[in-house]
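# Fold and geometry: a report
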Amino acid sequence: MRTADDSVDPMTAPSPAPSRLPALSASRAKEYQRCPLQYRLHVVDRIVEPATRATAMGTLIHSVLEDLFDFPAVERTDERAQEILGSRWEQMSQDPGVASLFEDDSDRASWLASTREVLAGYFRVEDPTRLEPAAREERIEAVTPEGVRLRGFVDRIDAAPTGALRVVDYKTGKAPSPRFQDEALFQMRFYALLLQLTRALPARTQLLYLKAGQVLTMDPRADDIDRFRQRIVDLWGSIEADARRGEFPPRRNPLCNWCGVRALCPLFEGTPPPLDERRIEWLLSTRVA
Ligand code: SF4
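Residues numbered from 1 in each chain as written. Predicted model: local features only at pLDDT ≥ 70, side-chain atom pairs only at ≥ 80, totals over all residues. Heavy atoms only, no water.

## Things to note about the pairing of strand β3 (residues 135-143)
Direction of pairing for β3 relative to strand β4 (residues 149-159): antiparallel, over a ladder of 8 bridges. Counterpart to Ala142 in the pairing with β4 is Leu150. Between β3 and β4, which follow one another and run antiparallel, lie 5 residues, and Gly147 among them has a positive phi close to 95°. (Pairing = 2+ DSSP bridges. Helix = DSSP H or I, 4+ residues; strand = E, 2+ residues; numbered from the N terminus.)

Here it is in structure tokens:
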């Protein structure tokens, strides 16, 4: 395991760039709910997990769909998307971390073929020739009225002539069954909250599951998003309390078998590194004074 690049330490840099300021994201908030120790190891200790085939597929497809909208509407076809994928893959495959994910040429070719199939699935759920996005791959940062800094990366924002906004996120993994849609709804509410705080409450949020050709839609209501904001603020309060105590307890859960930091978990005979006080101070500045 390795830690993230420390070349600019947020605790010593005289004027930290905005990107180094701590903020709570949807995925980290969910992670904390699942297991506070896992959250701590990723956010406070900056343990970076190596790329996997699934993350490589996600990165590749997101970059293709971002580039696709650079072309005139009539040219946004499956063929064009597959061409972009070819050139993007050329660049990405130079990365030794990505190259090492495959045993040999045939293994790589089979992964690439399944990635192309997932990309083709996009055209079953949307017609990009009829869309003109207002934003793509947008990083949104907002501070709640309670002072908690939030951050998210939104794949696409569409704006209707009426001004109504739609937030769209592409998913390359499996679509959740109705019993397990909680995480997806959490993410959509989080995006709605970010938009509400920075622009306007979106009329619609959608997760596009490309492989399954499914779309999960939620039309946010202001009262629901207000309650969600309170949930997030309370969640941040719990993280703050753990940080001040210096204790982020492990919580066994159904995803432990897939946990990338399990080797450092006391429930599995591991030992977490000592807590770095400066990193705790940095984390606590998520709440803006
Ligand atoms: S193995 Fe399970 S309990 Fe341990 S850190 Fe990972 S998610 Fe948490």
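Let's pick the thread back up.
## Description of the pattern of salt bridges
One pass over the structure, following the stated rule, counts 27 salt bridges. Asp226 is the salt-bridge partner of Arg229, the closest N and O atoms lying 3.8 Å from each other. Taken as a pair, Arg229 and Asp226 lie in helix α8 (residues 222-245) at a separation of 3 residues, close to a single helical turn. Classification of Arg229 as buried rests on a relative accessible area of 18%. With relative accessibility at 36%, the residue Asp226 sits in the partly exposed group. Several salt bridges converge on common partners, so that one network encompasses Glu126, Arg156, Asp158 and Arg166. (Salt bridge = Lys/Arg side-chain N within 4 Å of Asp/Glu carboxyl O. Buried < 20%, exposed > 50% of the residue type's maximum accessible area, 1.4 Å probe, protein only.)

## Structural notes on the site of the ligand
In the neighbourhood of the ligand, the contacting residues comprise Cys35, Pro250, Arg251, Arg252, Asn253, Cys256, Cys259, Arg262, Cys265, Leu267 and Phe268. Using a 2 Å cut-off from the grid points, one finds that the ligand occupies the largest cavity. Looking at the shell around the ligand residue by residue, the class counts come to 7 nonpolar, 1 polar and 3 charged. (Near = heavy atom within 4 Å. 1 Å grid on protein atoms, 1.4 Å probe; cavity = no way out; pocket = protein on both sides within 12 Å on 5 of 7 lines; lining within 4 Å. Sits in = over half its atoms within 2 Å of the grid points. Nonpolar A, V, L, I, M, F, W, Y, C, P; charged D, E, K, R; others polar.)

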